[in-house]
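# What the coordinates show
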Amino acid sequence: MARKKQKAGSGGTPATVAATKAGVDFTLHSYEHDPAAPSYGEEAAEALGLDPGQVFKTLVADVDGALTVAVVPVSGSLDLKALAAAAGGKRAAMADPAAAERATGYVRGGISPLGQRRALPTVVDASAEGHATVCVSAGRRGLEIELAPADLVKLTGAVTAPIARSR
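Here is a short report on the structure shown in this document. Residue positions are counted from 1 within each chain, in the order its sequence is given. Restriction of local features to residues with pLDDT of at least 70 applies here, the model being predicted, together with a cutoff of 80 or more for giving and counting side-chain atom pairs; totals for whole chains, interfaces and linings are based on all residues. Side-chain calculation: all heavy atoms of the structure are included, whereas hydrogens and water are not.

## Section: the sheet that holds strand β5 (residues 92-94)
Paired strands are those between which DSSP finds at least two bridges. The secondary structure listing takes helices from DSSP runs of H or I that are at least 4 residues long and strands from runs of E that are at least 2 residues long, numbered from the N terminus. With respect to topology, five strands assemble into an open sheet ordered β5-β2-β3-β6-β9, the strand pairing being mixed. Unpaired on one side and paired on the other, β5 and β9 (159-161) mark the two borders of the sheet. This sheet shows a mean twist of 35° between the axes of neighbouring strands, independent of strand direction. In the sheet, strand β3 (residues 66-73) pairs with strand β6 (residues 122-125) via three bridges, with the strands oriented parallel. Paired with alanine 70 across the bridge in β6 is valine 123. Lines fitted to C-alpha atoms define the axes here, with helix axes fitted over just the stretch in contact, and angles between the N-to-C directions of these axes take values from 0 to 180 degrees.

Okay, here's the thing in structure tokens:
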């Protein structure tokens, strides 16, 4: 995998700057975002010709009053009960989009688990470990970062757990 060299302030997103600063190997993939696309994650997988099980979406949920990030494959959906259990809580619900944007510093559809304004507790679906690399948002619509699942977990301080269910 080719490492994209970037220096802080060189026009990268906070996600790419964080990955570069950590010395993580990654590849950036860009595509033309269609504002009419019904699903940001599925749009990314299709536009890049990638397996939807290898492309992960970043969702922000409220677990017992604390914002928590869930990273799940676009081919599945988030199991809120499983997320609550993995995060050590009792109840989970999807967070208010405006609260998610304020906490992460990213806009909906471009929320990355990396380089967030405020590091939130993160749970990555265990299926990520079955891939050599996974793609997540690089911090804006139309830009994905591909990296090893272990690097994603390390950079986010995440735990892994089965939090996705098949659609």
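Back to the write-up after that little detour.
## Let's talk about the pairing of strand β2 (residues 56-63)
The sheet contact formed by β2 and β3 spans eight bridges and is antiparallel. Among the inter-strand pairings, valine 63 is bridged to a residue of β3, identified as alanine 66. Hairpin remark: β2 followed by β3, antiparallel, with two residues in the connecting loop; positive phi at aspartate 64, about 50°. Sheet topology note: the β2/β5 ladder contains three bridges and is antiparallel. Paired with valine 63 across the two strands is alanine 92, which belongs to β5.

## Observations regarding the side chain of threonine 16
By the secondary structure assignment, threonine 16 is in helix α1 (residues 14-21). Any pair of nitrogen or oxygen atoms within 3.5 Å is treated as a polar contact; in protein, a donor-acceptor pairing is required on top of that, and neighbouring residues in sequence qualify only through side-chain atoms on both sides. A polar contact is formed between the side chain of threonine 16 and the backbone nitrogen of threonine 13, at a distance of 3.0 Å.

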